[in-house]
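# Remarks on the overall topology
As a plain string of letters, each chain reads:
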Amino acid sequence: MNPLIFTTILMTVLLGTMIVMMSSHWLMIWIGFEMNLLAIIPILMKKYNPRTMEASTKYFLTQATASMLLMMAIIINLMHSGQWTITKVFNPTASIIMTSALAMKLGLTPFHFWVPEVTQGISLTSGLILLTWQKLAPMSILYQISPSINLNILLTMAVLSILVGGWGGLNQTQLRKIMAYSSIAHMGWMTAVLVYSPTLTMLNMLIYIMMTLTMFMLFIHSSSTTTLSLSHTWNKTPLTTTLILITLLSMGGLPPLSGFMPKWMIIQELTKNSSIILPTLMAIMALLNLYFYMRLTYSTSLTMFPSTNNMKMKWQFETKRITLLPPLIVMSSLLLPLTPMLSILD
Amino acid sequence: MMTYIVFILSVIFVVSFVGFSSKPSPIYGGLVLIVSGGVGCGIIMNFGGSFLGLMVFLIYLGGMLVVFGYTTAMATEQYPEVWVSNTTVMGVFLLGLLMEVMLVLYVLKGEEVGVVFKFSGVGDWAIYDTGDSGVFSEEIMGVAALYSYGAWVVIVTGWSLLVGVLVILEVTRGD
C-alpha cells in the first residue's frame, strides 16, 4: 500500500478511537466507532488473498450490526431522557441493547464467533491491532455507562466468555486463534468486575494489552503462526524461548508475574462484594487458559519438539526489527511487586 | 386524512424499506429507494423542515442515487431479479408486508402501544404548532448551528468521508 495512504488510514483508526474516548455527545461516539471501523478494513486487508477479504467482511458485518444496535440504544435513551450527553443510560431497555452492542464489539460470548475467524484470516500485525487497540473504544464506553448496566446480563456474558475462551482454545495449534480465544477470556475477566470496580477493568485492560503486545511481537519476530513453527525458535533465537515462556505464564496468571495482579485484584473485589461462587468459577476456568499456554511453552522452550533434520540447521536471515520488545517483556512479567501502588488510583 | 399524513407516509416508508431489504436486483432496490427518499422528504417537511426535505431530494436522490443507478446499470445482469421472480424474495417481501400490516392494525385498534415507548393512538403522529420559536424556522437555525457551534462535527464528518473514499479505493484496488 502507498505509505502515505497507509499512514493516513492508520491515523484515522487512532482518531476514531480518540473521538470515542473524548466525546460527550452520543452521536459523536457513534461517528467515532464508524470511523474506526471504516479505517481498519484496509489494514485488515493488507495482503490481497481471499482469506483476508473474508475476514475483513466478517469483521465489518459484525461491527456494523453492533453500531446499528448502539444507535438504536442511543435513540431510545434520547426518547426517554431528552438529552444526548454521556451519563448513565436511563432506560433499562436502552441499557441492555447498548450492553449487547458493546459486547458484540468486544467479542464477548454469545457474540464471540467472529474473533477466532477474523484473527486467523489476517496477518500478525493486523491481528495485533485488532486484539489490542480495537478493544479500547468499547471498553471506554462500558466504563462510562457502568452505573446503569444490568448486572445479570453482564455477569452472564463475562462468565460464559471465560468459559468459551478457555474451552475454545484447547484444541488449537494456530497461534492467532489461541490469541483470539485468550482475548475472549480476558474480556470476560474485564467485564466481570466492571460493575463492582471499573478501575480494575482499566487495570486489567492495561496489563492485557501489554502482554498481548509482547506475545504478538515475539510471534512477529520469529515469523511463526503455528505451534510447530514456534517450536523452532530454539534454533533461530534461543533467548526468545525463555521470553515466550515467561510471557505465556504471565498471560495465564501465575503469581510471581504481572499477569497475576489483575486476576488477584478482581477476585478480591468480587469476594468483598459477597459473591464467592463466581470468582471461584472464574479462577477454575482460567486454568483452562493456563493449560494451553503451558502446552505452548512445553513445545517451545521446555522441550525440543520433534522436527525434521533440516529444521535443526536453519539459515540466519536478517532479524526483523521489533518495536519496544525489552520494555514490554519487563512490564509484562515484573510488575507484580508494584501492586500496592494501585491505592493511588482511587 | 391530513392530520394522519405523517402516519401514512411512515407506513409507505417502512413498506419501501421492506421492498429493498428483501433483496431484489439493485436496480429495483434503487427504485424503492427513490420512493422512500420522496416519502422521507414528505415526513421531514411535515415537521417543518422544508430545507432538509429539499436537500434529501437534491443531494440524496439527485446526486447519490443517480450515481448509484449509473454504476448499477453498468454492472447489471441480463435478467435481474424482481420481487416476484424468486420465491425467496417474494416470501420475505410478503413477510415484511404482513408484519407491517399487523403493526398498523395494532396501532389503529389498540388504545395504547407500548413497545419501547408509549404510543397512544394515531393522534401521536399529528403535528401541533407549539409556536415557541416564533418567526424563526427551527430547522434553518439548526443548519446554521451546525456550521457555527458544530464545527467539530463538520470537521469529523468531512474527514470520515475523505477517509471513506481512500478506503474504498484501497479495498477495490487489489494487488
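Here the residue index of a chain counts from 1 through its sequence in written order. Think of it this way: whatever chain is written first is A, whatever ligand is written first is 1, and the rest follow in order. Predicted model: local features are reported for residues with pLDDT of at least 70 only, side-chain atom pairs are reported and counted for 80 or more only, and whole-chain, interface and lining totals are derived from all residues. To obtain the side-chain values, all non-hydrogen atoms of the structure were used and water was disregarded.

Going by this rule: UniProt positions are given in the numbering used here, feature names are shortened, and annotations may be inferred rather than shown by experiment.
An unreviewed UniProt entry lists chain B under the name NADH-ubiquinone oxidoreductase chain 6, from Equus caballus. Word for word, the UniProt comment on chain B under Catalytic activity (unreviewed entry) is "a ubiquinone + NADH + 5 H(+)(in) = a ubiquinol + NAD(+) + 4 H(+)(out)". UniProt lists a comment for chain B under the heading Subcellular location (unreviewed entry), and it reads "Mitochondrion membrane".

Going by an unreviewed UniProt entry, chain A carries the name NADH-ubiquinone oxidoreductase chain 2 and comes from Equus caballus. On record in UniProt, under Catalytic activity (unreviewed entry), the comment for chain A is "a ubiquinone + NADH + 5 H(+)(in) = a ubiquinol + NAD(+) + 4 H(+)(out)". Under Subcellular location (unreviewed entry), UniProt gives the following word-for-word description of chain A: "Mitochondrion inner membrane".

## Considering the overall build of chain B
This is how it is decided: Secondary structure elements follow DSSP: runs of H or I no shorter than four residues count as helices, runs of E no shorter than two count as strands, and numbering proceeds from the N terminus. Exposure is judged per residue with a 1.4 Å probe applied to protein chains only, and the accessible area is read against the type maximum: over 50% gives exposed, under 20% gives buried, and values in between give partly exposed.
For chain B, the helix and strand inventory stands at six helices and two strands. Tracing chain B from N to C terminus, the helices and strands come up as α-α-α-α-β-β-α-α. Expressed as a percentage of the 175 residues in chain B, the buried residues total 29%.

## Topic: the UniProt feature "domain: NADH:quinone oxidoreductase/Mrp antiporter transmembrane" (unreviewed entry) in chain A
Those residues carrying the UniProt feature "domain: NADH:quinone oxidoreductase/Mrp antiporter transmembrane" (unreviewed entry) are residues 23-285 of chain A in this numbering. Along residues 23-285 of chain A one finds 75% helix and 0% strand; the C-alpha atoms at either end are 37 Å apart.

## Points about the domain arrangement of chain B
Residue and element names in this part refer to chain B. Defined as follows: Domain limits in this description derive from either an automatic procedure or a database domain assignment. Between two residues, a contact is recorded if the distance between any of their heavy atoms is within 4.5 Å. Summed over both partners, buried area is the accessible surface (1.4 Å probe) that two parts give up on being assembled. Each salt bridge in this description consists of a side-chain nitrogen of Lys or Arg and a carboxyl oxygen of Asp or Glu lying within 4 Å of one another. As used in this structure description, the phrase polar contact means that two N or O atoms lie within 3.5 Å; if the pair is within protein, one of them must be able to donate a hydrogen and the other to accept it, and residues adjacent in sequence are counted only when both atoms belong to side chains. Asp, Glu, Lys and Arg are counted as charged, while Ala, Val, Leu, Ile, Met, Phe, Trp, Tyr, Cys and Pro are counted as nonpolar; the rest, among them Gly, fall into the polar class.
Each assigned domain of chain B is listed with its residue range as follows: domain 1 (1-111) and domain 2 (137-174). The centre of domain 1, based on its C-alpha atoms, is set 25 Å off from the matching centre of domain 2. Residue-level contacts link five residues of domain 1 with four residues of domain 2. Three residues, Gly48, Phe51 and Leu52, lead the burial of domain 1 against domain 2; their summed loss comes to 85% of the area buried on that side. Put simply, domain 1 and domain 2 have zero salt bridges between them. At the boundary of domain 1 with domain 2, the tally comes to zero residue pairs in polar contact (both at pLDDT 80 or more). Of the residues in the side of domain 1 that touches domain 2, the class split is two nonpolar, three polar and no charged.

## Here's the deal with the environment of Thr214(A)
Residue and element names in this part refer to chain A. Mapping Thr214 onto the fold places it in helix α10 (residues 198-221). Considered as a pair, Thr214 and Thr323 are 109 residues apart in the sequence and their alpha carbons are 9.7 Å apart. When neighbours within four sequence positions are excluded, Thr214 is seen to be in contact with Thr247, Leu325, Leu328, Ile329 and Ser332. In this structure the side chain of Thr214 is engaged in a polar contact, spanning 2.6 Å, whose partner is the backbone oxygen of Met210.

## With respect to the packing of helix α2 (residues 26-44) of chain A against helix α6 (residues 151-173) of chain B
How two helices sit against one another is set out by the angle between their axes and by the gap between those axes. As a reminder of what qualifies: Between N-to-C directions, angles cover 0 to 180 degrees, with each direction set by a line fitted to C-alpha atoms, over the stretch in contact for helices. Any angle from 65 to 115 degrees is called roughly perpendicular, while one under 35 is roughly parallel, one over 145 is roughly antiparallel, and all others are oblique. Handedness of a crossing is defined here by the sense of rotation of the near helix relative to the far one, left-handed for an anticlockwise turn of less than a right angle and right-handed for a clockwise turn.
For the pair α2(A) and α6(B), the least separation of the axes is 9 Å and the interaxial angle reads 20 degrees. Judged by the angle between their axes, α2(A) and α6(B) are roughly parallel. Considering the relative orientation of α2(A) and α6(B), their crossing is left-handed. Contact with α2(A), carried on its side by Met28(A), Ile31(A), Met35(A), Leu38(A), Ala39(A), Ile41(A) and Pro42(A), involves Trp152(B), Val153(B), Val156(B), Trp159(B), Ser160(B), Val163(B), Gly164(B), Val167(B), Glu170(B) and Val171(B) of α6(B) and no other residues of that element. Here the residues of the contact of α2(A) with α6(B) are counted per class, giving 14 nonpolar, two polar and one charged.

## As for helix α3 (residues 50-81) of chain A
Quick reminder: α-helices carry 3.6 residues per turn. Residues three or four places apart thus point the same way. Put simply, the rule reads: Take the number of residues in a helix, subtract one, and multiply by 1.5 Å to get its expected span.
End to end, α3(A) covers 46 Å across 32 residues, agreeing with the expected 46 Å (1.5 Å per residue, within 8%). Gly82(A) sits one or two positions beyond α3(A) and adopts a positive phi of about 75 degrees.

## Focus: the environment of Gly174(B)
Residues and elements named next belong to chain B. Examined against the element boundaries, Gly174 turns out to sit in the segment after α6. Judged by its relative accessible area of 18%, Gly174 is buried. Between the C-alpha atoms of Gly174 and Met99, which are 75 residues apart in sequence, the distance is 42 Å.

## A few points about the UniProt feature "transmembrane region" (unreviewed entry) in chain B
All names here are of chain B. Using the residue numbers shown here, the UniProt feature "transmembrane region" (unreviewed entry) corresponds to residues 6-22, 27-45, 51-71, 83-108 and 149-169. Secondary structure content for residues 83-108 is 85% helix and 0% strand, while the C-alpha to C-alpha distance between its ends is 28 Å. Measuring from the first to the last C-alpha atom of residues 149-169 gives 33 Å, for a span that is 90% helix and 0% strand.

## A look at the pattern of salt bridges
Between side chains of opposite charge, a pair can form when the charged atoms approach closely. Residue and element names in this part refer to chain A. Scanning the model with the defined rule gives four salt bridges over all chains in all. Residue Lys58 is joined to Glu54 by a salt bridge in which the shortest nitrogen-to-oxygen separation is 2.9 Å. Placement of the pair is Lys58 and Glu54 together in helix α3, with a separation of four residues, close to one helical turn. The class of Lys58 is partly exposed, set by a relative accessible area of 27%.

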